[in-house]
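A look at the structure
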Amino acid sequence: MLQVYKSMYVKIAHCKGGMGMKFSEATAEQVTGVSLGVFSLLLYFVLIPWQIADVKVAGVTPRFLPEALAIFMLILSICLFVNGYGKRTNVGQKYYSFAPKETALVVKSLLILSGYIVLLEVLGYLLTTIAALGLLMYMYGQRRIKILIPVTIGLPVVIYLFFTKVLQIVLP
Amino acid sequence: MLDLMLNGFATILFSPTNLMYLFAGVTLGILMGSIPGLTATMAIALIVPLTYYMEPVQSLIMLMGAFNGGTFGGSISAILIGTPGTPAAAATVADGFKLGLAGKAGKAIKMALMASITGCLFSCIVLILVAEPVARYALKFGPAEYTVLMVFSLTINGSAAGKSIIKGLIGGSLGLLFGMVGLDPIASIPRFTFDQPILSSGIDLVVMLIGSLAFSEVLVQIEAVAKGKVKAHMPPPQSPDDERLSFKEYWTNIRTIVRSAFIGCGIGALPGLGPTLAAYVGYDIAKRNSKHPEEFGQGSLEGVAAAETANNAVCGANLIPLLALGVPGDTVAAIMIGAFMVQGLTPGPMIFREAPEVVAGLYAGLILSNLLLAVLVLAFYRVFTKVSQLETTIIFPAVFMFCTIGVYALNQNVSDLWLMMLFAVLGYIMVKLDYSPATMMIGFILSPLFEVNLRQALIISSNNPSIFFSTPITWFFWVITIYSIFTITRSRRKGKLVV
């Protein structure tokens, strides 16, 4: 198990540009198989006893289906690992790529949207949406002012008016 | 039934508000379907939050209109820029784009339109004829039969929708697990709530839907922004005939259209398959039966007709298991279940007794959406072609904003937005690693139904599992589950199943 994670770590570390990685289908299936297996065991031995009270009711207890599911997921994780292990010498297998440039764009988008959520109730809908929309459009490569300004201002205003006036929903 | 149907048509045609919602649904569907990266599923996922404030018929016709419009809309960008607007239009690219490059984009789009309308209308007729009799039979189902039906649905969805059966089943299992968050359906004790008030009533369907299907898809698509943009390079038509579709051209392909309509209906009515597979199978069979198979892939109108009829024929057919049995056949049907639940309705055999007017309205809406589709596309064809070429730098940020406002509007609670982000990241990782968020969504929707029926069956039988093998209906579902898995596995080995 450690060997699988180690091989993946090496691939991440060797990827140029920092925030990216590339690995084969075999590695991906082995890693996700092990991760899912660990999660299934955690679910069965930790999460279910912690989060579901052991009560007696007619038929099966509230823990029955989550426990059955944890066992089923453990079986699936073993199947996935074995499947991945069997593919490790296959030539021409698929490679999953989290390329640095693309992944960075996704992470930056998520950070901007997280900031948007944090500030939404502080600064209000209009201001935060205009700022987030403008930032995202600029980040994705939009440089034309005659498109940037009308869209970043017009769209939030239209959405705001639609929700507050038509649907009668209070926005911050 | 005829009275109800007439009433359904009257409800829509004589109510400007209802007509407006149908119009809005079809328009939004075409717009989103025609933009590469955005799908018909995403269109209806974004519409669901708005339906909280609508009447049941308004909500359902708007969603079905969007699905129908979106499934067709995918063909516009497939023909104009060689990029399918939706996965279901992928088979249209081969011939549609070649026709576009020959200056016959207008002819190809009109053939796609007529084929889509024929396919959808055909499947509406099948839906009307088949759903109620199946539902009447399904009234005989008890908890044991329903449990085995859910096992069938979950297994088939997991097997067919993912890139591998194991990955599909993992997606379905995760969905089942998320569906258990909240109060236990029988003992009413909290499960997996972590003392968080937001989780005490379970995960909101719309939050998970938008996060894992719409938001995550845009996260995947924005990677393309880093790689560059797509631009159209269509030559102008050489003659007015290149823009027109004659009745003769349509009629020449009628055999292909009818065959594809049957294929689309058959695939749509089975759980777990969907329009993409229907389009490929329709295209493949049309090619094999064509008098000019050599023209397929070189700009064949017959190829466009085959693929587009088949994918739109799924629109009505996938409502058959939903309305008759309460089981979603694919992602769109799963979203429709959510829309029914938002309105306080439970799809399934009882709906024909509890809310027949809603069912009739839904049928009428789906049929009328085809007429609106024709009118809209023929009247505003050039507008839609412009939309399909809109820059992703505008589209993707705008969709992010629609996702967030749609989720926030549900409860005016920022916690919902964090939950949506969580599912977006999970959905993104799943897509990147070839797992299907759709199987997770279907597992999530079926989770409470499955658990309640399973536990009720075990209460009835005093925990004796033989109840799940006690009637011919349970045996029937076990047999078709095993048969379907066998067929799907064999198709995968031969590399035929492309979903």
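Numbering of residues begins from 1 in every chain and follows the order in which that chain's sequence is written. Here chains are named by letter from A upward and ligands by number from 1 upward, in the order in which they appear as written. Confidence filtering applies because this is a predicted model: local features only for residues at pLDDT of at least 70, side-chain atom pairs given and counted only at 80 or more, and all residues used for totals across whole chains, interfaces and linings.

Here the focus is the overall build of chain A. For chain A, the count of helices and strands is 6 helices and 2 strands. Secondary structure elements are taken from DSSP: a helix is a run of H or I of four residues or more, a strand is a run of E of two residues or more, and numbering for both begins at the N terminus. For chain A, the sequential pattern of α-helices and β-strands runs α-β-α-α-β-α-α-α. Out of the 172 residues belonging to chain A, those deemed buried represent 27%. The contact criterion used here is simple: two residues whose C-beta atoms, placed from the backbone, lie within 7 Å are in contact. Put simply, 62% of the contacts in chain A that link residues at least 6 apart link residues at least 24 apart. Exposure is read from a count of other C-beta atoms within 10 Å of each residue's own; the residue is exposed at 12 or fewer, buried at 20 or more and partly exposed in between. C-beta atoms are placed from the backbone.

As a further point, take the overall build of chain B. Helix and strand content of chain B: 22 helices and 2 strands. Our radius of gyration looks at C-alpha atoms and nothing else; its globule reference is 2.2 Å times the residue count to the power 0.38. For 499 residues, the compact-globule estimate of 2.2 N^0.38 gives 23 Å, and the C-alpha radius of gyration of chain B, at 22 Å, lies within 12% of that figure. Each principal axis of the C-alpha atoms in chain B carries an extent, and together these give about 75 × 50 × 50 Å. Among the 499 residues that make up chain B, the fraction classed as buried is 62%.

The next point concerns the interface of chain A and chain B. Each side of the interface is counted separately: chain A has 49 residues, and chain B has 44 residues. Counting only elements with at least two residues in the side of chain A that touches chain B, the list comes to helix H2 (25–51), helix H3 (64–87), strand E2 (95–98), helix H4 (100–123), helix H5 (125–139) and helix H6 (145–166) of chain A. All amino acids are sorted into three groups, where Ala, Val, Leu, Ile, Met, Phe, Trp, Tyr, Cys and Pro are nonpolar, Asp, Glu, Lys and Arg are charged, and the leftover types, Gly among them, are polar. Looking at the side of chain A that touches chain B residue by residue, the classes come out as 37 nonpolar, 9 polar and 3 charged.

We now examine the packing of helix H16 (residues 331–342) of chain B against helix H21 (residues 437–460) of chain B. Residue and element names in this part refer to chain B. With their axes 9 Å apart at the nearest point, H16 and H21 run at an angle of 35° to one another. Viewed along their axes, H16 and H21 form a crossing whose handedness is left-handed. Across the interface between the two elements, Thr331, Ala334 and Ile337 of H16 pack against Ala438, Met441, Ile442 and Ile445 of H21. Classifying every residue of the contact of H16 with H21 by side-chain character gives 6 nonpolar, 1 polar and no charged. Here, axes are lines fitted to C-alpha atoms. For helices the fit covers the stretch in contact, and angles between N-to-C directions go from 0 to 180 degrees. Put simply, a crossing is left-handed when the front helix is turned counterclockwise from the back one by less than a right angle, and right-handed when it is turned clockwise.

What a helix should span is 1.5 Å times the count of its residues minus one. Look at helix H4 (residues 56–81) of chain B: 37 Å from first C-alpha to last across 26 residues, which is about the 38 Å you get at 1.5 Å a residue. Note on H4 of chain B: the residue one or two positions beyond its end, Gly82 of chain B, has a positive phi of about 70°.

A few words on the nonpolar core. Residues and elements named next belong to chain B. Nonpolar cores are built from buried Ala, Val, Leu, Ile, Met, Phe, Trp, Tyr and Cys residues. These are joined into a set through C-beta atoms within 7 Å. Among the nonpolar cores identified, the biggest contains 209 residues, and Ile44, Ile210 and Met420 are the most heavily contacted of them. Take this core: its biggest share by element is 17 residues, from helix H6 (residues 105–138). Setting aside chain neighbours within four positions, we find Ile44 in contact with Leu63, Ala66, Phe67, Val332 and Ile335.

Here we take up the packing of H2 of chain A against H3 of chain A. All names here are of chain A. Interaxial distance between H2 and H3 falls to 7 Å at its minimum, and their mutual angle equals 160°. When the interaxial angle is binned, H2 and H3 end up roughly antiparallel. H2 and H3 meet at a crossing whose hand is left-handed. Here the residues of the contact of H2 with H3 are counted per class, giving 16 nonpolar, 8 polar and 4 charged. By the definition adopted for this analysis, an angle is roughly parallel if under 35 degrees, roughly antiparallel if over 145, roughly perpendicular if from 65 to 115, and oblique otherwise.

A few words on the environment of Leu149 of chain B. Residues and elements named next belong to chain B. Locating Leu149 in the fold gives a position in helix H7 (residues 143–161). Residue class for Leu149 comes out buried when judged on the 27 C-beta atoms lying within 10 Å of it. A sequence separation of 18 residues divides Leu149 from Ala131, and the C-alpha atoms of the two residues are 16 Å apart. The contacts of Leu149, once residues within four sequence positions are left out, are Leu325, Val327 and Phe477.

Look at H6 of chain A: 30 Å from first C-alpha to last across 22 residues, which is about the 32 Å you get at 1.5 Å a residue. Buried within H6 of chain A are the following residues: Thr152, Pro156 and Ile159 of chain A. Contacts from the buried residues of H6 of chain A go to H5 of chain A together with helix H19 (392–411) of chain B. In the stretch just after H6 of chain A, Gln168 of chain A is the one whose phi turns positive, near 60°.

When pLDDT is averaged across chain B, the result is 84; 93% of the residues are at 70 or more. Quick note on the complex model: pTM equals 0.80, ipTM equals 0.88. What pLDDT expresses is the predictor's confidence in each residue, scored from 0 to 100.

All names here are of chain B. Take Gln196: it is sitting in the loop between strand E2 (190–191) and helix H9 (197–200). The exposure class of Gln196 is exposed, given the 12 C-beta atoms found within 10 Å. Separated by 42 residues in the primary sequence, Gln196 and Gln238 have C-alpha atoms spaced 65 Å apart.

Residues and elements named next belong to chain B. Mapping Ala90 onto the fold places it in helix H5 (residues 90–101). Of the residues examined, Ala90 has 20 C-beta atoms within 10 Å and is grouped as buried. The sequence separation of Ala90 and Ile203 amounts to 113 residues, and the corresponding C-alpha distance is 34 Å.

You will see that Phe194 of chain B, though not glycine, has its phi angle at about 50°, which is positive. Along the chain, the position of Phe194 of chain B falls in the loop between E2 and H9.

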